[in-house]
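Topology and contacts: notes
The chain contents come next:
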Amino acid sequence: MSEEIFKKVVSHCKEYGFVFPSSEIYDGLGAVYDYGQNGVELKNNIRQYWWRSMVQLNENIVGLDSAIFMHPKIWKASGHIDGFSDPMVDNKDSKKRYRADNLLEDQIDKYIKNGKTQKAEELQNNLDQALTDNNLDALKELITTHEIACPVSGTRNWTDVRQFNLMYKTQMGALAEDADDVYLRPETAQGIFVNFLNVQKTGRLKIPFGIAQTGKAFRNEVVARGFIMRMREFEQMEMQFFVRPGTEMDWYQHWKESRMKWHLSLTSDVSKYRFHDHVKLAHYANAAVDIEYQFPIGFKEVEGIHSRTDFDLSQHQQFSGKKLQYFDPEINQNYVPYVVETSIGLDRMFLLQMCNAYKEEQIQNGEQTETRTLLALHPALAPVKLAILPLMKKDGLPELARKIMDDFKFEFNCFYEEKDAIGKRYRRQDAIGTPFCITVDHESLSDQTVTIRHRDTMFQERVKISALKDIIAPQVSMNNLLKNLL
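The paragraphs below set out a description of the structure included in this document. All of these numbers come straight from a predicted model, not from anything done at the bench.

1. Considerations on the overall build of the protein
Each helix and strand in the protein was counted, giving 17 helices and 23 strands. Dimensions along the principal axes, computed over C-alpha positions, put the protein at roughly 75 × 65 × 55 Å. A total of 486 residues make up the protein; the buried ones form 49% of that total. Here the protein displays about 23700 Å² of accessible surface, and carbon together with sulfur accounts for 48% of that area. Here the protein carries 61 positive and 68 negative side-chain charges, and the mean point of each set is 2 Å from the other.

2. Observations regarding the side chain of E238
Positionally, E238 belongs in strand 10 (residues 233–243). Look at E238: it is buried, it has no salt bridge, and the nearest opposite charge is R308 at 5.8 Å. In terms of polar contacts, E238 uses its side chain to reach the side chain of S343, at 2.6 Å.

3. Looking at the sheet that holds strand 4 (residues 85–90)
Taken together, the three strands give an open sheet; going across it, the order is 5-4-6, and neighbouring strands pair in antiparallel fashion. With one partner strand each, in any of the chains shown, strand 5 (97–99) and strand 6 (162–165) form the two edges of the open sheet. Across this sheet, the average inter-strand angle for adjacent strands is 50°, counted without regard to direction. The pairing of strand 4 with strand 6 spans four bridges and is classified as antiparallel. Bridge assignment links M88 to a residue of strand 6, and that residue is R162. Lying over the sheet, helix 5 (residues 100–113) contacts strand 4 and strand 5, oriented at roughly 70° with respect to strand 5.

4. A few points about the sheet that holds strand 20 (residues 414–416)
One open sheet holds the five strands; their spatial order is 20-19-21-22-23, and the pairing between them is mixed. Among the strands making up the open sheet, the edge pair consists of strand 20 and strand 23 (460–464). Geometrically, the sheet is characterised by an average inter-axis angle of 25° between neighbouring strands, direction not taken into account.

5. Details of helix 1 (residues 2–15)
Helix length check: helix 1 (14 residues) gives 20 Å between terminal C-alpha atoms against 20 Å at 1.5 Å per residue, within 8%. A positive backbone phi angle near 75° is found at G17, which sits one or two residues after helix 1.

6. Remarks on the packing of helix 5 against helix 7 (residues 136–145)
Running from N to C, helix 5 and helix 7 point in directions that differ by 35°, and their axes come no closer than 10 Å. Note on packing geometry: the crossing formed by helix 5 with helix 7 is left-handed. Residues A100, L103 and L104 of helix 5 form the contact with helix 7, whose participating residues are L139, L142 and I143.

7. What about the pairing of strand 21 (residues 436–440)?
The buried count for strand 21 comes to five of five residues, which makes it a mostly enclosed element. Here strand 21 shows a buried face lined by F436, I438 and V440 and a second buried face lined by C437 and T439. Pairing between strand 21 and strand 22 (residues 449–454): four bridges, direction antiparallel. Residue pairing across strands places T439 opposite T451, the latter belonging to strand 22.

8. Focus: the pattern of salt bridges
The final tally for this structure, using the stated rule, is 31 salt bridges. For the salt bridge of E235 with K43, the shortest nitrogen-to-oxygen distance reads 3.3 Å. Here the residue E235 occupies a position in strand 10, and K43 occupies one in helix 2 (residues 37–56), the gap between them amounting to 192 residues. Since its relative accessible area comes to 7%, E235 is described here as buried. Accessibility expressed as a relative area gives 7% for K43, which makes it buried. A single salt-bridge network, built from bridges that share partners, covers E361, E370, R372, R427, D430 and R453.

Basis of the calculations
- Residues numbered from 1 in each chain as written.
- Predicted model: local features only at pLDDT ≥ 70, side-chain atom pairs only at ≥ 80, totals over all residues.
- Heavy atoms only, no water.
- Helix = DSSP H or I, 4+ residues; strand = E, 2+ residues; numbered from the N terminus.
- Buried < 20%, exposed > 50% of the residue type's maximum accessible area, 1.4 Å probe, protein only.
- Areas by Shrake-Rupley, 256 points an atom, 1.4 Å probe, with all protein chains shown as cover.
- Lys, Arg positive; Asp, Glu negative; His and termini not counted.
- Charge placed at Lys NZ, Arg CZ, Asp CG, Glu CD.
- Salt bridge = Lys/Arg side-chain N within 4 Å of Asp/Glu carboxyl O.
- Polar contact = N/O pair within 3.5 Å; in protein donor to acceptor, adjacent residues only side chain to side chain.
- Pairing = 2+ DSSP bridges.
- Axes fitted to C-alpha atoms, helices over the stretch in contact; angles between N-to-C directions.
- Contact = heavy atoms within 4.5 Å.
- Expected span 1.5 Å × (residues − 1).
- Left-handed = near helix turned anticlockwise from the far one by under 90°.

This is the structure in structure tokens:
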């Protein structure tokens, strides 16, 4: 049933202008998507809420927008050229390639669904150990032992497990023979690290301080699945927080709690979130945890909080030959700062909001029962805040409705529509998550009142046009969300 809901969300995204398959008229491009007219508004609102909560609310966090193309030595220093890979396995019959750990995780889910919790725990422990040891032979043995078959061919004719690098390589230069190899960045963090001193000195910043960035990243995912859950071109929202060595675990705990509070500000269902501590730590980390959300297809990571030690700045200091140190006047010392990172996938956060908000309700319409589909998005994130709907296309109703539209479009995103019966127009606005609709009728011309309809309850009331801003503005404002974070 949950997987059916996920399919409905995916279909809803396409039908109502949230997400389209990229290059669809050419039969699409695998694991690449375009955001439609409503999707781009929701995505922008999520990004803005993150940015304001990070940069605007914190006096010691500033922003950055670094280039996608960077010097190739950066990726050598960061370890991406040598170690940014996934364990892959091919089925010899179907010619399909899979991530070995994903096959085993799917098997664990099957054991749990069938009530075989002991086998699930045993397999999970063995998988964790194999990943920690980077033991590819052990992964292959687990696939064989648990008789995992290819979903396409149904056979168990597997190749050995091997590592596959995820970075996209291209060339930069006017002539092919003189071109240098460069990479599309697989993450946004390194652009922050190489600008650490630029930002610190020009901003006269004192540790502890953070640098925030949002932007595109690119990974050559061999197995991209789960709609926009895992894509080849995606967007990250990251903040690197630079701290004095020895204080990193206190700040790690601080940001762990702060980021969960941010997530919970957008939902009333606390049970859908959980922390998942990493068993296998990345080469740069001494602590790491994921914030996971219960999607209809199971718990999935939406944000990571990592204590990255001084690995990144030390590596770039070594490879560049430039000192990346900070003089701390409080202790009269030079040192390479430690870093605590918060990294969230904007596309996954978008999908989370769609899954969390998607609802189907049975409502009574006269003697008939019908299904109402709505997106119960937080009003501050909704693509459209207010729909203005004249009851008829004549008798001066469109003119008054347009006047209201002109007054409100400077305040927030509005939508105007005359076509179809008012009930159909309400349903369309429910489906895109519009929190308020107002209907302009003949009575509006004489007494300057309109009917305002509330999305979640469908409650309708008659109010003065002059009172609309006082009713709507506080509820759709992002300011109230931000105040709750303090």
